[in-house]
Amino acid sequence: FGLGMLAFYTLLVPFKCWRSAGDVLTAKKPALTVFYDRLCPLCNRTVLILNHFDVLRCIDFKSAQDHAAQYPALAVLGQEQLLTDLYALDDKNRIYSGVDTYIQVFFKMRYLSLLGAIMKLPGIYQLAGNRYRLIADSRQRVACTSDCLVSEKLEDNTLYHRFFERAVGEKP
C-alpha cells in the first residue's frame, strides 16, 4: 500500500522540478551516432523503437546513405559494407558493428546498462551474435521504384460505405 501511495505523491512534485531534472539528465550532445540502412524496413523499425526508448537523448540515429560521407572515421568502410550491419560511432571515433552496436546503445542509454552488461557475458554474446547475423543476412531491402507510386483510388464498396455513407447523402 505504501509504495502505491508513493507513486501518487510523485504527482505532487511541480512540473518545474521535473523539467529541471530532465535538463540535468538529458545529454547535451549525443554520445553515440548509429548509422542504419534507410531502405531496410527492419532497420527503420529498430531505429524507431530505440529512438522511442532513448528518453535521455544520448543516441543520434542517421541513415548511412545520407550521412556516412560526413564522418571520416567511416571512410574505411565501403558503402556496401556499411549497409550490411548497424554501425555506430562514439565520441572517441571508435566504430562498432552488429551486436556491439546494440551493446553500446544500451550502455549509452544509461538506464539499460545492465542489459548491455548481460549481453557482453560469454555465451550470451555469441548467441546474440549468431541470432543477429541470421536476422541481418535474411532481411529485405525495399528500393522504391516506379512501382512504389500511389495507385489510383480504389472504389469504396464495403458494407459501411454502401449503408452509411450513401444513406447520409440521401435527403429524408
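This text follows the structure it describes.
Rules used in this analysis
- Residues numbered from 1 in each chain as written.
- Predicted model: local features only at pLDDT ≥ 70, side-chain atom pairs only at ≥ 80, totals over all residues.
- Heavy atoms only, no water.
- Helix = DSSP H or I, 4+ residues; strand = E, 2+ residues; numbered from the N terminus.
- Expected span 1.5 Å × (residues − 1).
- Contact = heavy atoms within 4.5 Å.
- Buried < 20%, exposed > 50% of the residue type's maximum accessible area, 1.4 Å probe, protein only.
- Salt bridge = Lys/Arg side-chain N within 4 Å of Asp/Glu carboxyl O.
- Polar contact = N/O pair within 3.5 Å; in protein donor to acceptor, adjacent residues only side chain to side chain.
- Pairing = 2+ DSSP bridges.
- Axes fitted to C-alpha atoms, helices over the stretch in contact; angles between N-to-C directions.

Visitor: Describe helix α8 (residues 124-138), listing the residues and the values that go with them.
Guide: Helix length check: α8, at 15 residues, gives a terminal C-alpha distance of 21 Å against a target of 21 Å (1.5 Å per residue), a fit within 8%. At its buried positions, α8 is contacted by α6 (99-108) and α7 (113-119).

Visitor: Explain unusual backbone geometry to me, using residue names and the numbers behind them.
Guide: Here N93, not a glycine, exhibits a phi torsion of approximately 60 degrees, which is positive. The topology assignment puts N93 in the loop between β3 (87-90) and β4 (95-97). You can call N93 exposed: its relative accessible area is 53%.

Visitor: Break down the pattern of salt bridges for me, citing the residues and quoting the values.
Guide: The tally for this structure, following the rule as stated, stands at six salt bridges. Salt bridges sharing common partners tie together D85, R133 and D137.

Visitor: How would you sum up the side chain of R139? Please name residues and give values.
Guide: Position of R139 relative to the elements: it lies in the loop between α8 and α9 (159-169). Only 3.4 Å separates the side chain of R139 from the backbone oxygen of A136, close enough to count as a polar contact. With residues near it in sequence (within four places) discarded, R139 still touches D37, C40, L42, C43, L83, T84 and D85.

Visitor: Can you break down the sheet that holds β4 residue by residue, with the values?
Guide: Strand order in this open sheet of four strands is β2-β1-β3-β4, and the pairing throughout is mixed. The sheet is open, and its two borders are formed by β2 (59-63) and β4, each paired with just one other strand. For this sheet the average axis-to-axis angle between neighbouring strands, irrespective of direction, equals 25 degrees. Contacts between α6 and the sheet are confined to β1 (32-36), β2, β3 and β4, with β4 contributing the most and set at about 115 degrees to the helix.

Visitor: Report on the pairing of β3, specifying residues and quantitative values.
Guide: Judged by which residues are buried, β3 turns out to be covered on both faces: Y87 and L89 on one side and A88 and D90 on the other are all buried. Examined bridge by bridge, β1 and β3 share four bridges and lie antiparallel to one another. When the bridges of β3 are listed, L32 appears paired with D90. Looking at chain direction, β3 and β4 are connected through three bridges and run antiparallel. Each bridged residue has a counterpart across the sheet, and for L89 the counterpart in β4 is I95. Connecting β3 to the next strand, β4, in antiparallel fashion are four residues, including N93 with a positive phi near 60 degrees.

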